[in-house]
Amino acid sequence: ELSSRLIDGERAPPQSRRSAHAAARAWTALAAELGDPRGIFDFAYMMQFGVGGEANASRAEELYRQLLREGDWAGRVAALSGLALHHLRPYFMR
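In this report, the structure presented in the accompanying data block is examined.

What counts, and where the lines are drawn
- Chains are numbered independently. Their residues run from 1 in the order of the written sequence.
- The predicted nature of this model means local features are confined to residues of pLDDT at least 70 and side-chain atom pairs, given and counted, to a pLDDT of 80 or more, with totals for whole chains, interfaces and linings taken over all residues.
- Working from all heavy atoms in the structure, the side-chain values ignore hydrogens and water.
- Whenever Lys or Arg places a side-chain nitrogen within 4 Å of a carboxyl oxygen from Asp or Glu, that contact is recorded as a salt bridge.
- Numbering of helices and strands starts at the N terminus; helices are DSSP runs of H or I of at least 4 residues and strands are runs of E of at least 2.
- Remark: exposure states derive from per-residue accessible area (1.4 Å probe, protein chains only) relative to the maximum for the residue type, with buried under 20%, exposed over 50%, and partly exposed in between.
- Side-chain rings of Phe, Tyr and Trp, where Trp is taken by its six-membered ring, are said to pair if the distance between their centres is within 6.5 Å; with planes under 30 degrees apart they count as stacked, over 60 as edge-to-face, and otherwise as tilted.
- Note on criteria: charge over ring means Lys NZ or Arg CZ within 6 Å of the ring centre, with the direction from the centre no more than 35 degrees off the ring normal.
- Here the nonpolar core consists of buried residues drawn from Ala, Val, Leu, Ile, Met, Phe, Trp, Tyr and Cys, with membership extended through side-chain atoms lying within 4.5 Å.
- Contacts are assigned to residue pairs that have any heavy atoms within 4.5 Å of one another.
- Polar contacts, as counted here, are pairs of nitrogen or oxygen atoms within 3.5 Å of one another; within protein the pair requires one atom able to donate a hydrogen and one able to accept it, and residues that are adjacent in sequence qualify only if both atoms are side-chain atoms.
- Between the first and last residue of a helix there are one fewer steps than residues, each counted as 1.5 Å, and that sum is the expected span.

### Regarding the pattern of salt bridges
One pass over the full model with this rule turns up 3 salt bridges. Measuring nitrogen to oxygen at the nearest pair gives 3.3 Å for the salt bridge that ties Asp42 to Arg38. Of the two residues, Asp42 and Arg38 both sit in helix 3 (residues 37-49), 4 residues apart, roughly one turn of that helix. On the basis of relative accessible area, Asp42 is assigned to the buried category, the value being 15%. Glu62 is the partner of Arg59 in a salt bridge, and the nearest nitrogen-oxygen pair spans 3.2 Å.

### A closer look at the packing of aromatic side chains
Note on aromatic pairs: each is described by the distance of the centres and the angle between the planes. Within the structure shown, the criterion is met by 2 aromatic pairs. Geometrically, the ring pair formed by Phe41 and Tyr64 is tilted, given 5.8 Å between the ring centres and 50° between the ring planes. Of the two residues, Phe41 sits in helix 3 while Tyr64 sits in helix 4 (residues 57-70), which places them 23 residues apart along the sequence. Ring centres of Tyr45 and Phe49 lie 4.8 Å apart, and the angle between their planes is 50°; this geometry places the pair in the tilted category. Here Tyr45 and its partner Phe49 are both found in helix 3, 4 residues apart, which amounts to about one turn of the helix. In this structure, Arg76 packs its charged tip against the face of Trp73, placed 5.2 Å from the ring centre.

### A closer look at the nonpolar core
Here is a general trend for soluble globular proteins: nonpolar side chains tend to be buried in one another's company. Counting 11 residues, the largest nonpolar core is built from Ala32, Ile40, Phe43, Ala44, Met47, Ala60, Leu63, Tyr64, Leu67, Ala79 and Leu83. Of all the elements in the fold, those that place two or more residues in this core are helix 3, helix 4 and helix 5 (73-92). What Ala79 contacts, discounting residues up to four positions off in sequence, is Phe41, Tyr64, Leu67 and Leu68.

### Let's talk about the environment of Arg65
Structurally, the position occupied by Arg65 is in helix 4. Ignoring anything within four residues of it in the chain, the contact list for Arg65 reads Leu83 and His87. Only 2.9 Å separates the side chain of Arg65 from the side chain of Glu61, close enough to count as a polar contact.

### So, helix 4
Given a rise of 1.5 Å per residue, 14 residues ought to cover 20 Å, and the 20 Å separating the end C-alpha atoms of helix 4 matches this to within 8%. Turning to helix 4, its buried residues number three or more, namely Ala60, Glu61, Leu63, Tyr64, Gln66 and Leu67.

### Describing the environment of Ala78
Tracing the backbone through its elements, the reader meets Ala78 in helix 5. Judged by relative accessible area, Ala78 falls into the buried class, the value being 19%. A C-alpha to C-alpha distance of 9.6 Å links Ala78 and Pro37, two positions 41 residues apart in sequence.

The following block contains the structure:
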């Protein structure tokens, strides 16, 4: 929830946005570390697309797979969509 609120500050100047995205990533990483399914998905997304820091597609895939193993049904569906996006993106970005 907090990460969503921080990222929603898109109307802010670029420097403020970068700092809000970095803060969102830090809080989302903490939620993921604590095992929150929404936090795991959001952190995987941030890692996949480099929101709030450097992109790391392999770490994002690990997080999506963790969510598939340990998440609730909503988390599993979200993880499947994240993995599909991860694997289909190169096809559409040609």
